[in-house]
Amino acid sequence: MSRVHEFLSEITLSTALHLLGIILIALLVNRFLKILTKLMIKPATSQSRAAQAREQQTRTLAVVFSGSVRKVVWVVPLIRALDLFGTNPTPR
(Lines give C-alpha, C1' and ligand atoms only; values in the text may rest on other atoms or scores of the structure.)
Protein backbone atom coordinates (compact mmCIF):
# COMPACT_ATOMS: atom_id res chain seq x y z
CA MET A 1 0.00 0.00 0.00
CA SER A 2 1.41 3.39 -0.94
CA ARG A 3 2.02 6.11 1.62
CA VAL A 4 -0.60 8.35 0.02
CA HIS A 5 -3.21 5.60 0.23
CA GLU A 6 -2.32 5.00 3.90
CA PHE A 7 -2.57 8.72 4.59
CA LEU A 8 -5.97 9.01 2.91
CA SER A 9 -7.32 5.94 4.71
CA GLU A 10 -6.49 7.54 8.09
CA ILE A 11 -8.64 10.62 7.44
CA THR A 12 -11.89 10.39 9.39
CA LEU A 13 -15.11 12.23 8.63
CA SER A 14 -14.68 14.48 11.66
CA THR A 15 -11.12 15.36 10.59
CA ALA A 16 -12.28 16.13 7.06
CA LEU A 17 -15.14 18.32 8.35
CA HIS A 18 -12.80 20.11 10.75
CA LEU A 19 -10.36 20.78 7.91
CA LEU A 20 -13.19 21.99 5.69
CA GLY A 21 -14.31 24.36 8.46
CA ILE A 22 -10.79 25.75 8.82
CA ILE A 23 -10.56 26.36 5.07
CA LEU A 24 -14.00 28.02 4.95
CA ILE A 25 -13.08 30.37 7.81
CA ALA A 26 -9.82 31.28 6.05
CA LEU A 27 -11.73 31.98 2.83
CA LEU A 28 -14.25 34.17 4.66
CA VAL A 29 -11.50 36.13 6.42
CA ASN A 30 -9.74 36.65 3.09
CA ARG A 31 -12.99 37.88 1.52
CA PHE A 32 -13.44 40.30 4.43
CA LEU A 33 -9.88 41.55 3.97
CA LYS A 34 -10.54 42.17 0.28
CA ILE A 35 -13.62 44.25 1.14
CA LEU A 36 -11.71 46.10 3.88
CA THR A 37 -8.88 46.89 1.46
CA LYS A 38 -11.33 48.41 -1.02
CA LEU A 39 -12.87 50.51 1.76
CA MET A 40 -9.43 51.80 2.82
CA ILE A 41 -8.74 53.26 -0.62
CA LYS A 42 -10.36 56.66 -1.04
CA PRO A 43 -10.46 57.96 -4.61
CA ALA A 44 -8.75 61.28 -5.20
CA THR A 45 -11.15 64.17 -4.77
CA SER A 46 -9.38 66.33 -7.31
CA GLN A 47 -7.06 66.00 -10.27
CA SER A 48 -4.16 67.66 -8.44
CA ARG A 49 -0.85 65.87 -8.31
CA ALA A 50 -0.92 65.80 -4.49
CA ALA A 51 -4.37 64.18 -4.40
CA GLN A 52 -3.35 61.59 -6.98
CA ALA A 53 -0.15 60.82 -5.07
CA ARG A 54 -2.07 60.44 -1.80
CA GLU A 55 -4.50 58.00 -3.45
CA GLN A 56 -1.60 55.96 -4.84
CA GLN A 57 0.14 55.89 -1.44
CA THR A 58 -3.05 54.74 0.25
CA ARG A 59 -3.59 52.09 -2.41
CA THR A 60 -0.02 50.80 -1.99
CA LEU A 61 -0.27 50.62 1.80
CA ALA A 62 -3.65 48.89 1.61
CA VAL A 63 -2.34 46.28 -0.83
CA VAL A 64 0.79 45.61 1.25
CA PHE A 65 -1.27 45.33 4.44
CA SER A 66 -3.82 43.05 2.82
CA GLY A 67 -1.19 40.82 1.25
CA SER A 68 0.67 40.42 4.54
CA VAL A 69 -2.43 39.60 6.54
CA ARG A 70 -3.67 37.19 3.87
CA LYS A 71 -0.47 35.19 4.12
CA VAL A 72 -0.87 34.94 7.89
CA VAL A 73 -4.50 33.91 7.40
CA TRP A 74 -3.34 30.96 5.27
CA VAL A 75 -0.38 29.97 7.46
CA VAL A 76 -2.55 29.56 10.56
CA PRO A 77 -4.91 27.02 8.92
CA LEU A 78 -1.93 25.21 7.43
CA ILE A 79 -0.38 24.81 10.88
CA ARG A 80 -3.75 23.72 12.27
CA ALA A 81 -4.14 21.17 9.44
CA LEU A 82 -0.70 19.73 10.19
CA ASP A 83 -1.78 19.30 13.79
CA LEU A 84 -5.00 17.55 12.67
CA PHE A 85 -3.00 15.00 10.72
CA GLY A 86 -0.69 14.19 13.60
CA THR A 87 2.30 16.32 12.66
CA ASN A 88 3.40 18.46 15.56
CA PRO A 89 3.96 21.96 14.12
CA THR A 90 5.46 23.43 17.29
CA PRO A 91 9.21 23.65 17.85
CA ARG A 92 10.75 21.08 20.16
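Note: the structure precedes this text.
Predicted, not measured: the structure shown is a model, and the values here were computed from it.

(A) Quick look at the pattern of salt bridges. Under the defined criterion, the tally for this structure stands at 2 salt bridges. Residue Arg59 pairs with Glu55 through a salt bridge whose shortest N-O separation is 2.7 Å. Taken as a pair, Arg59 and Glu55 lie in helix H3 (residues 49-84) at a separation of 4 residues, close to a single helical turn. Overall, the relative accessible area of 32% leaves Arg59 in the partly exposed class. The class for Glu55 is buried, based on a relative accessible area of 16%. A salt bridge links Asp83 to Arg80, with the shortest nitrogen-to-oxygen separation between them at 2.8 Å.

(B) Fine view of a nonpolar patch on the surface. A surface patch of nonpolar side chains, amounting to about 670 Å² of accessible area, comprises Leu13, Leu17, Leu20, Ile23, Leu24, Leu27 and Trp74. Tallying contributions element by element places helix H2 (residues 13-40) first for the nonpolar patch, with 6 residues.

(C) Main features of H2. Between its first and last C-alpha, H2 extends 40 Å over 28 residues, near the 40 Å set by a 1.5 Å rise per residue. Here H2 has its buried residues at Thr15, Ile22, Ala26, Asn30, Leu33 and Thr37. Looking at the buried positions of H2, the neighbouring elements they touch are H3.

(D) View of the packing of H2 against H3. The N-to-C vectors of H2 and H3 enclose an angle of 175 degrees; their axes lie 10 Å apart at closest approach. When the interaxial angle is binned, H2 and H3 end up roughly antiparallel. Here the residues of the contact of H2 with H3 sort into 18 nonpolar, 6 polar and 3 charged.

Each value, and the rule that gives it
- The residue numbering used here restarts from 1 in each chain and proceeds along that chain's sequence as written.
- Thresholds applied to this predicted model are a pLDDT of at least 70 for local features of residues and 80 or more for the giving and counting of side-chain atom pairs; totals over whole chains, interfaces and linings are not thresholded and use all residues.
- Values reported for side chains reflect all heavy atoms of the structure, with hydrogen atoms and water molecules removed beforehand.
- In what follows, salt bridge is the name for a side-chain nitrogen of Lys or Arg lying within 4 Å of a carboxyl oxygen of Asp or Glu.
- A run of H or I in DSSP becomes a helix once it reaches four residues, and a run of E becomes a strand once it reaches two; helices and strands are each numbered from the N terminus.
- Relative accessibility thresholds used throughout: buried, under 20% of the residue-type maximum; exposed, over 50%; partly exposed, between the two (1.4 Å probe, protein chains only).
- Residues with no salt bridge and a relative accessible area higher than 30% make up the patches, which join like charges within 9 Å and nonpolar side chains (Val, Leu, Ile, Met, Phe, Trp, Tyr) within 5 Å.
- Residue burial considers only the protein chains on display, and all accessible areas are found by Shrake-Rupley using a 1.4 Å probe.
- Expected span, for any helix, means 1.5 Å times one less than how many residues it has.
- Between two residues, a contact is recorded if the distance between any of their heavy atoms is within 4.5 Å.
- For helices, the fitted axis covers only the stretch in contact; all axes are lines through C-alpha atoms, and the angles between them, taken along N-to-C directions, range from 0 to 180 degrees.
- Angular relationships are summarised with four words: roughly parallel below 35 degrees, roughly antiparallel beyond 145, roughly perpendicular across 65 to 115, and oblique for the angles in between.
- Three classes are used: nonpolar for Ala, Val, Leu, Ile, Met, Phe, Trp, Tyr, Cys and Pro, charged for Asp, Glu, Lys and Arg, and polar for all others, with Gly counted as polar.

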